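# Remarks on the overall topology
Each chain, written out:
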Amino acid sequence: MSSKKLILDFYKSDALINSAVLDTFLHPEIILDWNSSKGFFQMRRDDLLALANELNRSYIRSKVKISHLIKEGDLISVRYSHFVKTVENPREDILLAEFMVIWEIKDNKLYRGFQMSQIS
């Protein structure tokens, strides 16, 4: 599978709120450096799986709208908006945050990420 298809499959799946799905995309040695509006976080595999579980408890649906996808070698840059639906309001898509991330792909898995986000 091409790295671009891997990224598209990842963001079209429920991986951001489903740890079992997320696990299939993660390299065992994944590291994500995340500069968020709440500060800097460095996350590894277990941290990312725990985050997906936490999001799953808060949201019933997750949807990503990609506005930019650029591939160069084993690097993929993605700019996207992350929308969620809550249990309390399942009919409305709520913009959770805007993201920009550069992914390095290794062994057809997400290996190294550099992400910035801004809460909506």
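Every chain's residues receive numbers from 1 upward, in the order its sequence appears when written. The predicted nature of this model means local features are confined to residues of pLDDT at least 70 and side-chain atom pairs, given and counted, to a pLDDT of 80 or more, with totals for whole chains, interfaces and linings taken over all residues. Water and hydrogen atoms play no part in the side-chain values, which are based on all heavy atoms of the structure.

Our next topic: a nonpolar patch on the surface. Each patch is built from residues lacking any salt bridge and having more than 30% relative accessible area; the joining distance is 9 Å for like charges and 5 Å for nonpolar side chains (Val, Leu, Ile, Met, Phe, Trp, Tyr). What sets the accessible areas is the Shrake-Rupley method with a 1.4 Å probe; for residues, cover comes only from the shown protein chains. Salt bridges are identified by distance alone: a Lys or Arg side-chain nitrogen within 4 Å of an Asp or Glu carboxyl oxygen. The grouping of L75, M100, I102, F114 and M116 at the surface amounts to a nonpolar patch, some 440 Å² of accessible area in total. For helices the rule is a DSSP run of H or I covering at least 4 residues; for strands it is a run of E covering at least 2, with both sets numbered from the N terminus onward. Among the secondary structure elements, those contributing two or more residues to the nonpolar patch are β5 (94-106) and β6 (109-119).

With that settled, the discussion passes to the packing of aromatic side chains. Under the pairing criterion, centres of Phe, Tyr and Trp rings, with the six-membered ring standing for Trp, must be within 6.5 Å; the plane angle then separates stacked pairs below 30 degrees from edge-to-face pairs above 60, leaving the rest tilted. On inspection of all chains with the given rule, the structure shows 7 aromatic pairs. Here the aromatic rings of Y80 and F99 are separated by 4.8 Å at their centres, their planes lie at 5°, and the arrangement is stacked. Of this pair, Y80 sits in strand β4 (residues 75-86) while F99 sits in strand β5, and the two are 19 residues apart along the sequence. Of the two residues examined, Y80 and F99, each falls in the buried class. An aromatic cluster is built from F10, Y11, F25, W34, F41, Y80, F99 and W103, whose rings are joined through pairwise contacts. Here K65 stacks its cationic end above the ring of F83, 5.1 Å away from the centre of that ring. Only protein chains enter the calculation, and the probe is 1.4 Å; a residue is then buried if its accessible area is under 20% of its type maximum, exposed if over 50%, and partly exposed in between. Charges are assigned to positions over rings by a cutoff of 6 Å between ring centre and Lys NZ or Arg CZ, combined with an angular limit of 35 degrees from the ring normal.

So, about helix α1 (residues 3-12). Taken residue by residue, α1 has S3, L6, I7, F10 and Y11 as its buried positions. Mapping the buried residues of α1 onto a view down its axis gives an arc of 120°, with all of them on the same face. Two residues qualify as a contact provided that any one of their heavy atoms is within 4.5 Å of a heavy atom in the partner residue. For α1, the elements touching its buried residues are α2 (19-25), β3 (59-72), β4, β5 and β6. To obtain the arc, one takes the directions from the helix axis to the C-beta atoms.

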